[in-house]
Amino acid sequence: MLICAAVSAAATTACGTGGASQTADGKTELTIATFNEFGYEELFKEYEAAHPDVKITQRKTGQGQPHHQNLFTKLGAGSGLADIEGVEEGYLSQFMSKAGQFNDLKEIGPKVEDDRWLKWKTEAVTTKDGKVMGYGTDIGPLAMCYRKDLFEKAGLPSDPEGVKALFATWDSYFAAGDQFIAKAPGVAWFDSAAQVYNAMHNQLETGYYDKSDKLVVDTNAAIKANWTTVTAAVAKGQSARLGAFSNEWNTGFKLGKFATKTCPSWMLGVVESQAGPENKGLWAVTDAFPNGGGNWGGSYLTVPKQSKNAQKAAELAAWLTAPEQQVKAFKAKGTFPSQTKALDAPELLEQTNAYFGDVKAGALFATQAKKIKAAQYKGPADGQIQETVFSPALQSVEQGKNADEAWKTAVEGAQKAAK
């Protein structure tokens, strides 16, 4: 374990020699700010039991956008951040542009294996001069969820092997959607244009930005092609036109309003909670995904230089992101591990999901994770463009706006967000 005296002067200040935060009973208080579900609640108790001198306080935000807005606001203010801050992949470039305000975990943290994480996961948070600015938590390997009973009513194959041909490519997926809606009036093929589009987008080698941080929304032909494909499916009636995470979307799961769902690993828990116990066994998941799969989501734990307990914070962050703990987090909340050893852990590979017909979900998503060769580069306003520009623009098409007009609005919105 590194000690403050052994590191640089800048890191010594970060280690908190000016006075660490302590509780009334003399324990070191470590604060950790997260969003959505990281699956760490029981792990915090386990860590405190093994480290009786530490008290962990979690600051948990329901959604990613307000969490990151708060993160960057407090960076600018120079105070107020937690000892550990979660950062989602969509905000990674914005975070990396402020890397000087965060600790190099290779310097202040405990020694961890160089190959602890999937290579692309670590590369995304490593600076050009080799500093590691975050420890990888989860990833979001993509699979496809679908309603077996609705497939059967439409005369489509419903077993996980039989549906693979339908989900081989995006062309076959949307063609199957045409077949489905012709045989199952009143039920849509998918939930939301934005949910399908985002999965397609994350498969692209180049997204909204190129690697020089130049916005390429209006020049990247692949983005426009995806837009055209998805909005054409909307025009044919394949979308249930339900905004993701809205009350209507939640109800849509319960009432069987759509037959398929793009499913990064973390989505299984969402499907189960929203569809409810009455639909147990009707949903299935297969390890096929159009055009071979990809990644959607995933986060990192970082230690800001504002922390007065940086070294102990790094120790906690390293422990939380060890393979053993990330397997436990997956079991708790479905956050799929980014650690190489975790992907081969028997506890993960044998993990079943009763709601989805006792499928070996751990093994299924481990297979999908190993198909991912690289992470799409995320530019400075990437998360904002996806959440507050393209998703609303696609929803406007579902509400009747002309697709070409909505595309122009999306491009203009992205250009404004990037300024």
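In this text, all values refer to a predicted model and were calculated from it rather than measured experimentally. Along each chain, numbering runs from 1 in the same order as the chain's sequence is written. Selection of residues for local features in this predicted model requires a pLDDT of at least 70, selection of side-chain atom pairs for listing and counting requires 80 or more, and totals for whole chains, interfaces and linings are taken over all residues. Only hydrogens and water are set aside; all other atoms, that is, all heavy atoms of the structure, feed into the side-chain values.

## Topic: the overall build of the protein
Turning to step 1, where the next piece is worked out: Per the convention used, a helix needs a DSSP run of H or I reaching at least four residues, while a strand needs a run of E reaching at least two, with both numbered from the N terminus. Looking only at helices and strands, the protein has 19 helices and nine strands in total.
Turning to step 2, where the next piece is worked out: Taking 419 residues into account, the globule formula puts the C-alpha radius of gyration at 22 Å, and the protein, at 22 Å, falls close to it.
Turning to step 3, where the next piece is worked out: When a residue's accessible area, from a 1.4 Å probe over protein chains only, is under 20% of the maximum for its type it is buried; when over 50% it is exposed; and in between it is partly exposed. For the protein, the proportion of its 419 residues judged to be buried stands at 55%.
Turning to step 4, where the next piece is worked out: Contact definition: two residues touch when any of their heavy atoms are within 4.5 Å. Restricting to contacts in the protein with at least 6 residues of sequence separation, those with at least 24 account for 75%.
Turning to step 5, where the next piece is worked out: Surface accessibility follows the Shrake-Rupley procedure with a 1.4 Å probe radius. Residue values consider only the protein chains on display as shielding. Carbon and sulfur atoms make up 51% of the accessible area of the protein, which amounts to about 17,700 Å² in all.
Turning to step 6, where the next piece is worked out: For the purpose of counting charges, residues Lys and Arg are taken to be positive, whereas Asp and Glu are taken to be negative. His and the chain ends are not included. Throughout, a charge is located at the NZ atom of Lys, the CZ atom of Arg, the CG atom of Asp or the CD atom of Glu. In the protein, 44 positive and 47 negative side-chain charges are present, and the distance between their average locations comes to 2 Å. Computation of the radius of gyration draws on C-alpha atoms, with the globule rule given as 2.2 Å multiplied by the number of residues to the power 0.38.

## Structural notes on helix H11 (residues 247-255)
Turning to step 1, where the next piece is worked out: Along H11, the positions that sit buried rather than exposed are Trp249, Asn250, Gly252 and Phe253. Buried residues of H11, seen end-on, are gathered within an arc of 155 degrees and therefore sit on one face of the element. Opposite the buried face of H11, by more than 90 degrees, sit the exposed residues Asn247, Glu248 and Leu255.
Turning to step 2, where the next piece is worked out: Its buried side turned inward, H11 meets strand E4 (135-147), helix H9 (193-202), strand E6 (258-264), helix H12 (267-275) and strand E7 (283-286). This arc corresponds to the set of directions leading from the helix axis out to the C-beta atoms.

## Examining the pattern of salt bridges
Two side chains that carry opposite charge are able to pair once their charged atoms sit near each other.
Turning to step 1, where the next piece is worked out: We define a salt bridge as a side-chain nitrogen of Lys or Arg found within 4 Å of a carboxyl oxygen belonging to Asp or Glu. Counted according to the given criterion, the structure contains 15 salt bridges.
Turning to step 2, where the next piece is worked out: Between Lys164 and Glu161 there is a salt bridge, with its nearest N and O atoms 3.1 Å apart.
Turning to step 3, where the next piece is worked out: With a relative accessible area of 55%, Glu161 lands in the exposed category.
Turning to step 4, where the next piece is worked out: A salt bridge links Asp178 to Lys236, with the nearest nitrogen and oxygen atoms 3.4 Å apart. With Asp178 in helix H8 (residues 170-183) and Lys236 in the loop between helix H10 (221-235) and H11, the pair connects residues that are 58 residues apart, well separated along the chain.
Turning to step 5, where the next piece is worked out: We classify Asp178 as partly exposed; its relative accessible area is 30%.
Turning to step 6, where the next piece is worked out: Taken together, the salt bridges that share partners define one network made up of Glu37, Glu41 and Lys60.

## Brief notes about the nonpolar core
Turning to step 1, where the next piece is worked out: Only buried residues count toward a nonpolar core. Its members are Ala, Val, Leu, Ile, Met, Phe, Trp, Tyr and Cys residues joined through side-chain atoms within 4.5 Å. Counting residues in hydrophobic clusters, the biggest one holds 53 residues, and the most contacted among them are Phe167, Trp189, Ile385 and Phe390.
Turning to step 2, where the next piece is worked out: Counting residues per element, the ones that place at least two in this core are E4, helix H7 (148-153), H8, strand E5 (188-190), H9, H10, helix H18 (382-398) and helix H19 (403-418).
Turning to step 3, where the next piece is worked out: Ignoring anything within four residues of it in the chain, the contact list for Ile385 reads Tyr208, Tyr209, Leu215, Phe390, Ala414 and Ala417.
Turning to step 4, where the next piece is worked out: Membership of the second largest hydrophobic core comes to 35 residues, among which are Ala143, Cys145, Tyr355 and Ala366.

## Side note on the packing of aromatic side chains
Turning to step 1, where the next piece is worked out: Only the six-membered ring of Trp is used, alongside the rings of Phe and Tyr, when aromatic pairs are assigned; centres must lie within 6.5 Å, and planes under 30 degrees apart are stacked while those over 60 apart are edge-to-face, with the rest tilted. Taken as a whole and assessed by the stated rule, the structure comprises 33 aromatic pairs.
Turning to step 2, where the next piece is worked out: Ring geometry for Phe336 versus Phe365: centroids 6.1 Å apart, planes at 55 degrees, classification tilted. Linking Phe336 in strand E9 (residues 336-337) with Phe365 in helix H17 (residues 361-369), this pair joins segments that are 29 residues apart in sequence. Note on accessibility: Phe336 and Phe365 belong to one class, buried.
Turning to step 3, where the next piece is worked out: Aromatic rings pair up to connect Tyr146, Phe151, Phe167, Trp170, Tyr173, Phe174, Phe180, Trp189, Phe190 and Phe289 into one cluster.

## Some details on the state of the cysteines
Every disulfide links exactly two cysteines, by a covalent bond between their sulfur atoms.
Turning to step 1, where the next piece is worked out: For the purposes of this analysis, a disulfide is any pair of cysteine sulfur atoms at a distance within 2.5 Å. Applying the stated criterion to the full structure yields one disulfide.
Turning to step 2, where the next piece is worked out: Here Cys145 is linked by a disulfide to Cys263, with a sulfur-sulfur distance of 2.2 Å. Across the S-S bond of Cys145 and Cys263 the torsion is about -115 degrees, and the bridge reads as left-handed. Separated by 118 residues along the polypeptide, Cys145 in strand E4 and Cys263 in strand E6 bring together distant segments of the chain.
Turning to step 3, where the next piece is worked out: With a relative accessible area of 0%, Cys145 lands in the buried category.

## Thoughts on the pairing of strand E1 (residues 28-35)
Turning to step 1, where the next piece is worked out: Burial analysis of E1 places seven of its eight residues in the buried class, which makes it a mostly covered element.
Turning to step 2, where the next piece is worked out: The pairing criterion is simple: DSSP has to find at least two bridges between the two strands. Pairing between E1 and strand E2 (residues 54-61): eight bridges, direction parallel. By the bridge assignment, Thr34 is partnered in E2 with Lys60.
Turning to step 3, where the next piece is worked out: Bridge count for E1 against strand E3 (residues 84-88) is two bridges, and the pairing is parallel. Counted as the bridge partner of Ala33 is Glu85 from E3.

## Some details on unusual backbone geometry
Turning to step 1, where the next piece is worked out: Residues other than glycine seldom take positive phi values, yet Phe245 does so here, at roughly 70 degrees.
Turning to step 2, where the next piece is worked out: The residue Phe245 is located in the loop between H10 and H11 in this model.
Turning to step 3, where the next piece is worked out: Of note in this structure, Asn291 is not a glycine but carries a positive phi near 60 degrees.
Turning to step 4, where the next piece is worked out: One can find Asn291 in the loop between E7 and strand E8 (295-302).

Distances and angles like these do not, on their own, reveal function.
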